[in-house]
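Residues per chain, in single letters:
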Amino acid sequence: LLRLALLLHDAGKVSGSLGHTERGVAMVRDVARRLGLSPGEQRHVTFLISENPTLSGIAERRDVDSAETVQALLEVCAHDPRRLDHLYLLTCADIRGVSPQALTRWKDSLLTRLYEQAAAELAGKGLPSSPDSVAGWQELLAGQVDAGRLEAHLAQSTRDYLASVEPGELLLHLELIDELTTGDAPATLRWAPAGGFERVWIAARDRSGLLSDLCGALSGAGWEIVGLSATARHDGIVLDRFAVVPPEGAPAPVEREAALREAVRRVLAA
C-alpha cells in the first residue's frame, strides 16, 4: 500500500501542479478496483496521498516538541500507527526524491523527532482504522451519533463510500443530510480551509445536470475548481466534495460559506 501511494501521490501533476493532490486521490478508486483492494486498503492509500504534504507542513511551521503538535499529527492519522509509519516514510521519500540535498539534516531531524514522539504516544494506545462494516462504524462512533441513524445512512451508501469516507466526514455528511431532508433548501453546504485551497461539501437530491449545475454555481461565483469527488446514495441523495481556490476579492473567510451557499441556492432554484 505504501508503494502504491508512492507511485500515485504525484500522478496528478501530469495535468499541472495546482490541485494535483486531489487529482491523485481521484485516481485511487479505479486503481483499487483493478487491484482488488479492500475498502480499508483503498482508504489507506487515499489517506497517504491526500495527507502527503501534512507532516512536512506541521514539522516546518510548529514546535515539534510541543504536546499540541504531537496531538495534531495523531489526529491527522486518526491515532492509527500504520498511518503514522507510512506517512513518515512517504514524506521522507518524497522530499528526498526532489534531490538528495532536499532532505537536509535539519529537516530530517524535525520530521524524525516529531514522528518518534507521536509513535511513542501511540505505543499501546493504537486505535483501529476506519472500519469496513456497519457494525464496526457503530462501535467506532458510539456515543457520537444515533446508531439507527448511522445504520440507515450506511445502508443507503455504496461500497466506494465505505472505502473512502473518514469518521469526521461521515459525521458531517449526516448533518448535511439531516438539514436537506428536514428543510426546504435545494442543497446543504459546508466550507473549510484546507491549506492552499478550500473544501466545499454539498448534499443535494440527484437530478439531471446536478453536477454541472453545482460546478457552474461555484465557478460562476469566481471559485476555481481544482478537484472534486461525488458519491450517490441509493435513495438519490448526492454527496459532493469540491476543492476550490477562491477568487481575488472573495468574502472574508467567516463569510465564505454563506456566499457559497447563496451561489448554489440561486443556481439550483433557477
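Residues numbered from 1 in each chain as written. Predicted model: local features only at pLDDT ≥ 70, side-chain atom pairs only at ≥ 80, totals over all residues. Heavy atoms only, no water.

J.: What is the right way to read the overall build of the protein from this model?
T.: Per the secondary structure count, the protein includes 13 helices and 4 strands. A compact globule built from 270 residues should have a C-alpha radius of gyration of about 18 Å, and the protein, at 19 Å, falls within 12% of that. Considering only C-alpha atoms, the protein reaches an extent of 60 × 45 × 40 Å along its principal axes. Per-residue burial over the protein gives 44% buried out of 270 residues. For the protein, long-range pairs separated by at least 24 residues make up 64% of all intrachain contacts whose partners lie at least 6 apart in sequence. For the protein, the exposed surface amounts to about 13,400 Å²; the carbon and sulfur share of it is 53%. Treating the 28 positive side-chain charges of the protein as one cloud and the 37 negative ones as another, the clouds have centres 4 Å apart. (Helix = DSSP H or I, 4+ residues; strand = E, 2+ residues; numbered from the N terminus. Rg over C-alpha atoms; globule rule 2.2 N^0.38 Å. Buried < 20%, exposed > 50% of the residue type's maximum accessible area, 1.4 Å probe, protein only. Contact = heavy atoms within 4.5 Å. Areas by Shrake-Rupley, 256 points an atom, 1.4 Å probe, with all protein chains shown as cover. Lys, Arg positive; Asp, Glu negative; His and termini not counted. Charge placed at Lys NZ, Arg CZ, Asp CG, Glu CD.)

J.: I'm lost on the packing of helix H4 (residues 54–61) against helix H7 (residues 105–122) in this one. Help?
T.: Each pair of packed helices gets described by two things: the angle between the helix axes and the distance between those axes. Axis separation between H4 and H7 bottoms out at 9 Å; the angle between their running directions is 105°. Classified by the angle their axes make, H4 and H7 are roughly perpendicular. Residues Leu 55, Ser 56, Ile 58, Ala 59 and Glu 60 of H4 touch H7, and the partners they reach there are Lys 107, Leu 110, Leu 111 and Leu 114. Classifying every residue of the contact of H4 with H7 gives 6 nonpolar, 1 polar and 2 charged. (Axes fitted to C-alpha atoms, helices over the stretch in contact; angles between N-to-C directions. Parallel < 35°, antiparallel > 145°, perpendicular 65-115°, else oblique. Nonpolar A, V, L, I, M, F, W, Y, C, P; charged D, E, K, R; others polar.)

J.: Sorry if this is basic, but what is going on with the packing of aromatic side chains here?
T.: Geometrically, a pair of aromatic rings is defined through the distance of the ring centres and the angle of the planes. Within the structure shown, the criterion is met by 1 aromatic pair. Aromatic side chains Tyr 88 and Tyr 115 sit 4.2 Å apart centroid to centroid with 10° between the ring planes, which places their arrangement in the stacked category. Placement of Tyr 88 in helix H6 (residues 81–98) and of Tyr 115 in helix H7 is noted, with a sequence separation of 27 residues between them. Judged by its relative accessible area of 17%, Tyr 115 falls in the buried class. Stacked on the ring of Phe 47, the Lys or Arg Arg 83 has its end atom at 4.3 Å from the ring centre. (Phe/Tyr/Trp six-rings, centres within 6.5 Å; stacked < 30°, edge-to-face > 60°. Lys NZ or Arg CZ within 6 Å of the ring centre and 35° of its normal.)

J.: How should the environment of Lys 107 be read in this particular structure?
T.: Inspection of the secondary structure assignment puts Lys 107 in helix H7. What makes Lys 107 partly exposed here is its relative accessible area of 23%. Residues Lys 107 and Glu 60, spaced 47 residues apart in sequence, show a C-alpha to C-alpha distance of 7.9 Å. Setting aside residues no more than four positions away along its own chain, Lys 107 makes contact with Glu 60, Ile 95 and Ala 102.

J.: Could you clarify how one ought to interpret the pattern of salt bridges in this entry?
T.: Taken as a whole, this structure holds 11 salt bridges when the rule is applied. Among the salt bridges present, the one from Arg 261 reaches Glu 257, with a minimum N-O distance of 2.7 Å. In this pair, Arg 261 and Glu 257 both sit in helix H13 (residues 253–269), 4 residues apart, roughly one turn of the helix. Each member of the salt-bridge network shares a partner with another, and the members are Glu 175, Glu 179 and Arg 190. (Salt bridge = Lys/Arg side-chain N within 4 Å of Asp/Glu carboxyl O.)

J.: What should I look at first to understand the sheet that holds strand E3 (residues 224–232) in this one?
T.: Backbone-to-backbone hydrogen bonds pair the strands of a sheet. The strands run either parallel or antiparallel. Pairing is antiparallel across the open sheet formed by 4 strands, whose spatial order is E1-E2-E4-E3. Edge positions in the sheet fall to strand E1 (187–193) and E3, since each of these pairs with one other strand and no more. On average, each strand axis in the sheet is inclined to that of its neighbour by 15°, with strand direction left out of account. Pairing of E1 with strand E2 (residues 198–205) involves 7 bridges; the strand directions are antiparallel. Bridge pairing links Trp 191 to Val 200 in E2. In the packing of helix H12 (residues 210–220) onto the sheet, the strands contacted are E2, E3 and strand E4 (237–245), and the crossing angle to E4 comes to about 30°. (Pairing = 2+ DSSP bridges.)

J.: Any chance you could explain the packing of helix H5 (residues 67–76) against H7 here in plain terms?
T.: Put simply, H5 and H7 touch, their axes get as near as 9 Å, and they point 75° apart. Considered as vectors, H5 and H7 are oriented roughly perpendicular to each other. Facing Thr 69, Val 70, Gln 71, Leu 73 and Leu 74 of H5, the residues of H7 in contact are Leu 114, Gln 117, Ala 118, Glu 121 and Leu 122. Here the contact of H5 with H7 is built from residues that sort into 6 nonpolar, 3 polar and 1 charged.

J.: What exactly am I supposed to notice about unusual backbone geometry here?
T.: A negative phi angle characterises most non-glycine residues, just as the trans form characterises most peptide bonds. Within the chain, Ala 78 stands out as a residue other than glycine whose phi angle is a positive 55°. With respect to the secondary-structure elements, Ala 78 resides in the loop between H5 and H6.

J.: What exactly am I supposed to notice about the side chain of Asn 52 here?
T.: Here Asn 52 lies in the loop between helix H3 (39–50) and H4. Classification of Asn 52 as buried rests on a relative accessible area of 8%. Of note is the side chain of Asn 52, whose polar atom sits 3.1 Å from the side chain of Asp 94. In contact with Asn 52, other than residues within four places in its own chain, are His 9, Leu 87, Leu 90, Thr 91 and Asp 94. (Polar contact = N/O pair within 3.5 Å; in protein donor to acceptor, adjacent residues only side chain to side chain.)

By themselves, these observations are geometric and do not establish any function.
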